[in-house]
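# Per-entry structural report
Next come the chains, spelled out residue by residue.
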Amino acid sequence: MITSDLYVLDEGTILRGSVVHVGDLSITLDDGLEGIIEFNVSPGEVLNLTDHVVYRVDLIVKA
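Reading the values: rules and limits
Residues numbered from 1 in each chain as written. Predicted model: local features only at pLDDT ≥ 70, side-chain atom pairs only at ≥ 80, totals over all residues. Heavy atoms only, no water. Helix = DSSP H or I, 4+ residues; strand = E, 2+ residues; numbered from the N terminus. Buried < 20%, exposed > 50% of the residue type's maximum accessible area, 1.4 Å probe, protein only. Polar contact = N/O pair within 3.5 Å; in protein donor to acceptor, adjacent residues only side chain to side chain. Core = buried A, V, L, I, M, F, W, Y, C linked by side-chain atoms within 4.5 Å. Contact = heavy atoms within 4.5 Å. pLDDT = per-residue confidence, 0-100.

## Focus on the side chain of Ser4
Along the chain, the position of Ser4 falls in strand 1 (residues 2-4). Relative accessible area serves as the criterion here: at 0%, Ser4 is assigned to the buried category. Separated by 2.4 Å, the side chain of Ser4 and the backbone oxygen of Leu6 make a polar contact. A distance of 3.4 Å separates a polar side-chain atom of Ser4 from the backbone nitrogen of Val8.

## So, the nonpolar core
Grouped together as the largest cluster of nonpolar side chains are six residues: Ile2, Val8, Leu15, Phe39, Val41 and Val46. Apart from the residues lying within four places of it in its own chain, the contact partners of Leu15 are Ile2, Thr3, Ser4, Val8, Val46, Tyr55, Arg56, Val57 and Asp58.

## A short note on the confidence of the model for the protein
The predicted model of the protein has a mean per-residue pLDDT of 76, with 71% of residues at 70 or higher. Here strand 3 (residues 40-41) stands out as the element of the protein with the lowest mean pLDDT, 78, in contrast to strand 2 (residues 14-18), whose mean of 87 is the highest.

Next up, the structure:
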């Protein structure tokens, strides 16, 4: 799972990775305020929904 410090689709957001079970993933993009900060999404969704030149990724992955 990828967690962003800001809205996950914004260029410049810092992405952090963590390992979770597939059944625990909630992969929905919404327009509400709860989806703006600390948003969780799969790595594939980040790559499919964005086309940034640079991705800022925190290299420490939490298990």
